[in-house]
Amino acid sequence: MSVKNFTPPVVLLLIVGTTIIHFRHTISRWWLLRSYPHDLQQIYQPKRSSDTIVHCFDNEFRASIPIYKKGENFYTTYDFEKNRLEGSDTIYISVKGDDSYSGRNRQTAKHSIEAALRAKAHNIILLEGRYKSGIHFKSNTHLSDVNLIGEGRVVIDNMGRVPLAVTGNVFIHNIEFANGSRGSLRAYLEDPYKVCTYVCCKFNNSLVDDADVSKALSLGGLRIQGGTHYLYRCEASYNGYDGFSYHAAPDGSLNAPHVAEVECKAFHNGEHNAYESNNASTAHDGTHIIRLNCAYGYSHGGNVADVHNGTVSYNVGCTAYSAMDLGMNFRKYQANYFCATNGVMYLLSCKSYGSYYDLSSWNSGNILSDKVYKREYTDNGSIILLKK
């Protein structure tokens, strides 16, 4: 009677366990990305007349915009003006106005933003001028259910104080927000379906308010938490930390923002602090974002940086330039596009110039691109070439 050779169960378990440990990152990445497109044919849909439909997110994406590809170029037909709040009643504000006036026309303009808000008009029009915190508005005044429109060059100067705060539906057009100590404008929205639209606005020169970034209160020229946001032809430059910065709502919920950034730009952010990751545009905490035809550059850290589990970005036709030299210890941050901590970043026809790395993926970050870049870095991260 012969006895067949067999492997004891304990040995089999050790083999299986060792194999799982060895391939755990591959298995984890497969599980995370199993429902995401890996093929360009899943993204580029059947043509609309002569142009190709670009499919980014499914119906759950709240900041949806139609995107089309014509030749090598991308465009949207989304009408941002349709996001204006309904209502014709209007109050005017002027740096030379008087709050005792009615504010119903340019000649009787009010002096302060608070006076206009108390009038409960749907439209507040700021006449050309520099509006200063402590004079024309109070620090941390809340904006909700209003159209805020600038005529000529209008600057909201926070004078180093806490800026205005968006807490509900707003439409803001042609206003520059500057010099805030917690960003130059911040939006804190606990309702994910509140919609904020920013057209031709600037969010510049927010301050470095603490050398220790863990204690800093200013983490973006435009700092957004929660809600649904559309940005069109906006700029966030020369800020103490990030330019455009997106995080979950402050109520501790999973209400991460959904964002469309279209034809926006952000340059020279974080130049005057030592922190290694100051970004032009950065998404966190499960943010979903489309960046379309945007330009970013010269950040003290990665130009476009998307991190954390659940964060997904589609970057379409974007260009990034020359992240600043951070030295040998922080090379992984010195990239035009970087993704980390289980984030997912798509790059479609994006350009990269001048940084130490074009792409950087680490700590379980995932970049899916339609082309191979010359300078790519991975450390327990993945850079995946989309199938054609």
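Residues numbered from 1 in each chain as written. Predicted model: local features only at pLDDT ≥ 70, side-chain atom pairs only at ≥ 80, totals over all residues. Heavy atoms only, no water.

A positive phi is found at K120, a non-glycine position, where the angle reads about 55°. Position of K120 relative to the elements: it lies in the loop between α4 (113-118) and β6 (123-126). Despite not being glycine, H308 has its phi angle at roughly 90°, a positive value. Mapped onto the fold, H308 is located in the loop between β25 (304-307) and β26 (312-316). (Helix = DSSP H or I, 4+ residues; strand = E, 2+ residues; numbered from the N terminus.)

It is worth spelling out the environment of N147 at this point. As for its position among the elements, N147 is in strand β9 (residues 146-150). For N147, a relative accessible area of 1% translates into the label buried. The sequence separation of N147 and C196 amounts to 49 residues, and the corresponding C-alpha distance is 9.9 Å. In this structure the side chain of N147 is engaged in a polar contact, spanning 2.9 Å, whose partner is the side chain of N123. (Buried < 20%, exposed > 50% of the residue type's maximum accessible area, 1.4 Å probe, protein only. Polar contact = N/O pair within 3.5 Å; in protein donor to acceptor, adjacent residues only side chain to side chain.)

Turning our eyes to something else, we now look at the sheet that holds strand β21 (residues 265-267). Strand order across the open sheet formed by four strands is β21-β24-β27-β30, with parallel pairing between neighbours. Since the sheet does not close on itself, it has two edges, and those belong to β21 and β30 (351-353), each with one partner. With direction set aside, neighbouring strand axes in the sheet form an average angle of 10°. In this sheet, strand β27 (residues 319-321) lies alongside strand β24 (residues 295-297) in parallel orientation, the contact comprising three bridges. When the bridges of β27 are listed, G297 appears paired with Y321. (Pairing = 2+ DSSP bridges. Axes fitted to C-alpha atoms, helices over the stretch in contact; angles between N-to-C directions.)

This brings us to the pattern of salt bridges. One pass over the full model with this rule turns up eight salt bridges. Measuring nitrogen to oxygen at the nearest pair gives 2.9 Å for the salt bridge that ties D157 to R130. Linking D157 in strand β10 (residues 154-157) with R130 in strand β7 (residues 129-132), this pair joins segments that are 27 residues apart in sequence. Taking the shortest distance from any N to any O, the salt bridge between D358 and R375 comes out at 2.8 Å. Of this pair, D358 sits in strand β31 (residues 357-362) while R375 sits in the loop between β32 (366-369) and β33 (376-379), placing them 17 residues apart in sequence. (Salt bridge = Lys/Arg side-chain N within 4 Å of Asp/Glu carboxyl O.)

One can find N278 in the loop between β21 and β22 (281-283). For the pair N278 and Y241, spaced 37 residues apart in sequence, the C-alpha separation works out to 5.1 Å. Those residues within four positions of N278 in sequence are excluded, and the remaining contacts are G240, Y241, D242, N269, G270, N273, S299, H300, G301 and G302. In terms of polar contacts, N278 uses its side chain to reach the side chain of N273, at 3.1 Å. A polar contact is formed between the side chain of N278 and the backbone oxygen of Y275, at a distance of 2.7 Å. (Contact = heavy atoms within 4.5 Å.)

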